[in-house]
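Observations on the three-dimensional arrangement
What follows is the residue order along each chain.
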Amino acid sequence: MSKLRILLLGLFIASSVQENIYPHKVTVNTNSHTTCSGTVISPDSLLVLIDCIDITNHDMNVKIRRHGLNMTDSGDIYTIKRIILDPNYNDEFTQDNGYAILKLDRKIESEGARFDANAQKVAKGTSCSTLSIIHEDNPRLSTYWTDMKYVTLKVMDMSECKDLFVYGQNSNNYICVQEENAEDCQGELAAPLVCNGVVVGISTCDVGCFGHKVCAYRKIASIGNFVFQ
């Protein structure tokens, strides 16, 4: 095998590995505005927060950009075929179970971190990643060119997040993390928390929310059978 072919094969493998350890770059868009991110839970399904969506609005879609895609490429646009609301959700009392599943019109074409609904324990000190929207100053760029950046997080001991649980939430349902550069660690709403190439959590606002040095991500495993829809 020639050196060129070996080099190209190596680059292809490296690119595939990179895609498989990072979350999908997902934005959920309503009326040409990005409302939140989303967590891929199956080849044609996203887990999002109910607060991110308007079930009466038909001008909603999902955009997914491949890892390393040039900014001038808008990525892949998906139509939402069906919205499934968590039957246990009750917005009068709590934001727990405030989730919805978006069924897309086709399978997601790009690679991304592996989803495991049973993933629970992540060791303290583990390096993880999530997504945050890059805000562009160019007014000519529509939401379809909204890009996202990867944010590196470190898993902390749950005692570091104890002050976030002011409404009696069960801390066992969360993973405590800190942004490695001591900036905002929350990431975009509904963005996944990926550790060791596996989606283990989702960014919510039911604990803490924005502006904290430490954040708590809801464990996917704590959401229950709803994610298997």
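Please refer to the structure placed before this passage.
Notes on the structure in this doc start here.

What counts and how
Residues numbered from 1 in each chain as written. Predicted model: local features only at pLDDT ≥ 70, side-chain atom pairs only at ≥ 80, totals over all residues. Heavy atoms only, no water. Helix = DSSP H or I, 4+ residues; strand = E, 2+ residues; numbered from the N terminus. Buried < 20%, exposed > 50% of the residue type's maximum accessible area, 1.4 Å probe, protein only. Areas by Shrake-Rupley, 256 points an atom, 1.4 Å probe, with all protein chains shown as cover. Salt bridge = Lys/Arg side-chain N within 4 Å of Asp/Glu carboxyl O. Core = buried A, V, L, I, M, F, W, Y, C linked by side-chain atoms within 4.5 Å. Contact = heavy atoms within 4.5 Å. Pairing = 2+ DSSP bridges. Phe/Tyr/Trp six-rings, centres within 6.5 Å; stacked < 30°, edge-to-face > 60°. Lys NZ or Arg CZ within 6 Å of the ring centre and 35° of its normal. Disulfide = S-S within 2.5 Å.

Right, let's get into the overall build of the chain. Assigned secondary structure in the chain consists of 2 helices and 14 strands. In the chain, which comprises 229 residues, the share counted as buried stands at 47%. Of the roughly 12,000 Å² that the chain leaves accessible, carbon and sulfur atoms contribute 49%.

Under the counting rule described, the total for this entry stands at 2 salt bridges. As a salt-bridge pair, Asp105 and Arg106 come within 3.2 Å of each other at their nearest N and O atoms. What makes Asp105 partly exposed here is its relative accessible area of 34%. For Arg106, a relative accessible area of 29% corresponds to the partly exposed category. Across the pair Glu109 and Arg106 runs a salt bridge, and its minimum N-O distance is 3.7 Å. Taking relative accessible area as the criterion, Glu109 reaches 46% and is therefore assigned partly exposed. Put simply, Asp105, Arg106 and Glu109 are held in one network by salt bridges that share partners.

Bringing the nonpolar core into the picture now. Leu46, Leu47, Val48, Val62, Leu102 and Ile223 are the most contacted members of the largest nonpolar core, which totals 35 residues. For this core, the secondary-structure elements that each account for two or more residues are strand E1 (25–30), strand E3 (39–42), strand E4 (45–49), strand E5 (60–65), strand E6 (76–85), strand E7 (99–104), strand E13 (198–202) and helix H2 (220–223). No other element matches E7, which puts 5 residues into this core. Apart from residues no more than four positions distant in its own chain, Leu46 is found in contact with Val26, Thr39, Val40, Ile41, Val62, Ala100, Ile101, Leu102, Leu104 and Ile108. By size, the runner-up hydrophobic cluster in this structure holds 15 residues, among which are Ala119, Val122, Ile175 and Cys215.

Okay, the pairing of E4 next. For E4, the buried fraction is high: 5 of the 5 residues fall into the buried class. Here E4 shows no split at all, with Ser45, Leu47 and Leu49 on one side and Leu46 and Val48 on the other all buried. Strand direction decides the pairing type here: E3 and E4, joined by 3 bridges, are antiparallel. Its bridge partner being in E4, Val40 is matched across the sheet by Leu46. Hairpin connection between E3 and E4: a loop of 2 residues separates the two successive antiparallel strands.

Here the focus is the environment of Thr30. Among the secondary structure elements, Thr30 is positioned in strand E1. Overall, Thr30 belongs to the buried group, its relative accessible area being 11%. Taking C-alpha positions, Thr30 is 7.8 Å from Ile53, a pair spaced 23 residues apart along the chain. Leave out the neighbours within four places in its chain, and Thr30 touches Thr35, Asn57, Asp59 and Met60.

Under the counting rule described, the total for this entry stands at 1 aromatic pair. With a centroid separation of 5.4 Å and an interplanar angle of 65 degrees, the aromatic rings of Phe165 and Tyr174 are classed as edge-to-face. The burial state of Phe165 is the same as that of Tyr174; both residues are buried. Its end group placed over the ring of Tyr78, Arg106 keeps NZ or CZ at 4.0 Å from the ring centre.

Bringing the state of the cysteines into the picture now. Applying the stated rule across the entire model yields 2 disulfides. Between the sulfur atoms of Cys128 and its disulfide mate Cys195 the distance is 2.0 Å. In this structure, the disulfide formed by Cys128 and Cys195 twists by about 105 degrees around the S-S bond and is classed as right-handed. Placement of the pair is Cys128 in strand E9 (residues 127–134) and Cys195 in strand E12 (residues 192–195), with a sequence separation of 67 residues. A relative accessible area of 3% means that Cys128 is categorised as buried. The disulfide that involves Cys161 links it to Cys176, with 2.1 Å between the sulfurs. With the S-S dihedral at roughly 80 degrees, the linkage between Cys161 and Cys176 falls on the right-handed side. Here Cys161, found in the loop between strand E10 (147–155) and strand E11 (174–179), pairs with Cys176, found in strand E11; they are 15 residues apart in sequence, far enough to count as distant.

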